[in-house]
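# Survey of secondary and tertiary structure
Listed below, chain by chain, are the residues.
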Amino acid sequence: MQVLTKVESESAGGSSVALQTAQRMVISTAFLSIEVDLVEAATVQIRDIADSLGGFLENLNSSGVDEDQQANMTVRVPQAQFSDAVERVELVGKVQSKNLGSEDVSERFIDLQARLKSSLREEESLLSLLGRTTTVSEVLTIERELTRVRSSIERFQGQLNFLERRIDLATITVSLFSPD
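Residues numbered from 1 in each chain as written. Predicted model: local features only at pLDDT ≥ 70, side-chain atom pairs only at ≥ 80, totals over all residues. Heavy atoms only, no water.

### Some remarks on the nonpolar core
Heads up, the condition is: What is meant by a nonpolar core is a set of buried Ala, Val, Leu, Ile, Met, Phe, Trp, Tyr and Cys residues, joined one to another through side-chain atoms within 4.5 Å. Only protein chains enter the accessibility calculation, which uses a 1.4 Å probe; a residue is then buried when its area is under 20% of its type maximum, exposed when over 50%, and partly exposed in between. A helix here means a DSSP run of H or I that spans at least four residues, while a strand means a run of E at least two residues long, and both kinds are numbered starting from the N terminus. Whether two residues are in contact is decided by their heavy atoms: any pair within 4.5 Å suffices.
One finds Ile34, Val36, Ile46, Val89, Ile172, Val174 and Leu176 to be the most contacted residues of the largest nonpolar core, which totals 23 residues. Contributing elements (two or more residues each) for this core: strand S1 (26–35), helix H3 (39–52), strand S3 (70–78), helix H4 (82–90) and strand S5 (169–177). A total of 5 residues in this core trace back to one element, the largest contributor, which is H3. Filtering out sequence-adjacent residues up to four positions away, Val89 remains in contact with Leu32, Ile34, Ile46, Ile49 and Val174. The next biggest cluster of nonpolar side chains, apart from the first, holds 15 residues, and it includes Ile27, Phe109, Leu112 and Leu116.

### Some details on the packing of aromatic side chains
Threshold: Pairing of aromatic rings covers Phe, Tyr and Trp, the last counted by its six-membered ring, and requires centre-to-centre distances within 6.5 Å; plane angles under 30 degrees mean stacked, over 60 mean edge-to-face, and any other angle means tilted. Whether a charge sits over a ring depends on NZ of Lys or CZ of Arg being within 6 Å of the ring centre and within 35 degrees of the ring normal.
For the structure on display, the rule yields 0 aromatic pairs. One residue, Arg155, lies across the ring of Phe156, its end atom 5.0 Å from the ring centre.

### Re the pairing of strand S2 (residues 56–63)
Threshold: Should DSSP find at least two bridges between two strands, the strands are taken to pair.
Taken together, the 7 bridges between S2 and S3 define a ladder with antiparallel strand orientation. For Phe56, the partnering residue across the bridge sits in S3 and is Arg76. Following S2, the chain reverses through 6 residues before pairing antiparallel with S3; Gly64 in that reversal takes a positive phi of roughly 85 degrees.

### What about the side chain of Ser33?
Summarising the element assignment, Ser33 is placed in strand S1. Those residues in contact with Ser33 that sit more than four places away from it in its chain are Lys94, Val95, Gln96, Ser97, Ser175 and Phe177.

### With respect to H3
Quick reminder of the rule: The span expected for a helix works out to 1.5 Å for each residue beyond the first. This arc corresponds to the set of directions leading from the helix axis out to the C-beta atoms.
Taking 1.5 Å per residue, 14 residues should reach 20 Å; H3 reaches 20 Å between its end C-alpha atoms and fits that length. Residues of H3 that are buried: Val39, Ala42, Thr43, Ile46, Ile49 and Ala50. End-on view of H3: buried residues confined to an arc of 120 degrees, all on one side of the axis. Of the surrounding secondary structure, the elements contacted by the buried residues of H3 are S2, S3, H4 and S5. Following H3 by one or two positions, Gly54 has its phi on the positive side, about 85 degrees.

### Side note on the pattern of salt bridges
As a reminder of what qualifies: Basic side-chain nitrogens of Lys or Arg form a salt bridge, by our definition, when they fall within 4 Å of a carboxyl oxygen of Asp or Glu.
Throughout the structure, instances matching the rule amount to 9 salt bridges. Between Asp104 and Arg24 there is a salt bridge, with the nearest N and O atoms lying 2.6 Å from each other. With Asp104 in strand S4 (residues 94–104) and Arg24 in the loop between helix H2 (18–21) and S1, the pair connects residues that are 80 residues apart, well separated along the chain. With its nearest N and O atoms 2.7 Å apart, the salt bridge here joins Lys98 to Glu90.

### Here's the deal with the sheet that holds S5
Convention followed: Lines are fitted to the C-alpha atoms to define the axes, a helix being fitted only along its stretch in contact, and any angle between axes, read from their N-to-C directions, falls within 0 to 180 degrees.
Here 5 strands make up an open sheet; going across it, the order is S2-S3-S5-S1-S4 and the pairing mixed. Whereas interior strands pair on both sides, the edge strands pair on one side only; in this sheet they are S2 and S4. Between one strand and the next, the sheet's axes are offset by a mean angle of 10 degrees, whatever the strand orientation. Sitting on the sheet, H4 is in contact with S1, S3, S4 and S5, with an inclination near 5 degrees to S1.

Take a look at the structure:
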């Protein structure tokens, strides 16, 4: 995913507001509570829906037997398939409640990219300094700073990776239960 920074968007002839020209980074979620005749069959149906759309079953908790059975499950589907997946899951039974949400994380994503870039530049400077040091105390001081900077780089990269996974795959959580 590519996000234009403010400078890049202005130089490309875009508006002065980066987030208006940047690709929006949105995390989509759905929570559904559905009454079904057979909970076990419905879990299989929902898993098949996710699989058919390029997603997967992330979590399944079920309890009870026969008419007293209930299940909570979470499936992940590609962002582009989110609406289709929700519509298909709704057809599995009688929807008792539905909560759809989205969180725009574009600004946070851009901020993390900038912090990562800055930390990488700082690491390059420290490595350059390390090559010119002459005393053991200078080497130890620079290596300590390199450790701190490397830790920041890994933290920012981890946060970006986490956000990208959440953006790429929407989350649908379904609670299934039998009629009273």
